[in-house]
Amino acid sequence: MSPKDVSSGSGGAFSPARIAVTLLAVLTIVFICVNTAEVTIRVIIPKVTMPLWAALLGVFVAGALCGAYLFRRRAAR
């Protein structure tokens, strides 16, 4: 067999890494939807009262954007 005939097994639509990330994202969204109580959060100086799901969703989105930015920079090298 030539190297072109052998698939590496990575990069598929259902790789273990993609399944794990998808499962983690779904569990995070379920966790966010279940926690609906009002909370007071100190954001540097002001205190903000908001539903816990909104705070969790904001942190999740910020983390996803940071992760996407870092992985995109790593892939561009």
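Each remark here, short or long, concerns the structure printed above.
Please read these numbers as outputs of a predicted model, since none were measured by experiment.

*Asks:* Which residues make up the overall build of the protein chain, and what values go with them?
*Replies:* Secondary structure summary: the protein chain contains two helices and two strands in total. Walking the protein chain from its N terminus toward its C terminus, one meets helices and strands in the order α-β-β-α. In the protein chain, which comprises 77 residues, the proportion classed as buried is 4%. In the protein chain, of all internal contacts separated by at least 6 residues, the share reaching a separation of at least 24 is 19%. Split by element, the accessible area of the protein chain, about 6800 Å² in all, is 71% carbon and sulfur.

*Asks:* A description of the pairing of strand 1 (residues 38-42) should follow, citing residues and the corresponding values.
*Replies:* The buried count for strand 1 comes to zero of five residues, which makes it a mostly uncovered element. Bridge analysis of strand 1 against strand 2 (residues 47-51) gives five bridges, and the strand direction is antiparallel. Counted as the bridge partner of Ile 41 is Val 48 from strand 2. Hairpin geometry of strand 1 and strand 2 is characterised by an intervening segment of four residues between the two adjacent antiparallel strands and by a positive phi of about 55° at Ile 44.

*Asks:* Tell me about a nonpolar patch on the surface, and please be specific about residues and values.
*Replies:* Together, Ile 29, Trp 53, Leu 57, Phe 60, Val 61 and Leu 65 make up a nonpolar patch on the protein surface, roughly 520 Å² of accessible area in all. At five residues, helix 2 (residues 52-76) tops the list of elements feeding residues into the nonpolar patch. Among the secondary structure elements, Val 61 is positioned in helix 2. Judged by relative accessible area, which is 40%, Val 61 ranks as partly exposed.

*Asks:* A description of unusual backbone geometry should follow, citing residues and the corresponding values.
*Replies:* Here Ile 44, not a glycine, exhibits a phi torsion of approximately 55°, which is positive. Within the secondary structure layout, Ile 44 lies in the loop between strand 1 and strand 2.

Calculation rules
- Residues numbered from 1 in each chain as written.
- Predicted model: local features only at pLDDT ≥ 70, side-chain atom pairs only at ≥ 80, totals over all residues.
- Heavy atoms only, no water.
- Helix = DSSP H or I, 4+ residues; strand = E, 2+ residues; numbered from the N terminus.
- Buried < 20%, exposed > 50% of the residue type's maximum accessible area, 1.4 Å probe, protein only.
- Contact = heavy atoms within 4.5 Å.
- Areas by Shrake-Rupley, 256 points an atom, 1.4 Å probe, with all protein chains shown as cover.
- Pairing = 2+ DSSP bridges.
- Patch = residues over 30% accessible without salt bridge, like charges linked within 9 Å, V, L, I, M, F, W, Y side chains within 5 Å.
- Salt bridge = Lys/Arg side-chain N within 4 Å of Asp/Glu carboxyl O.

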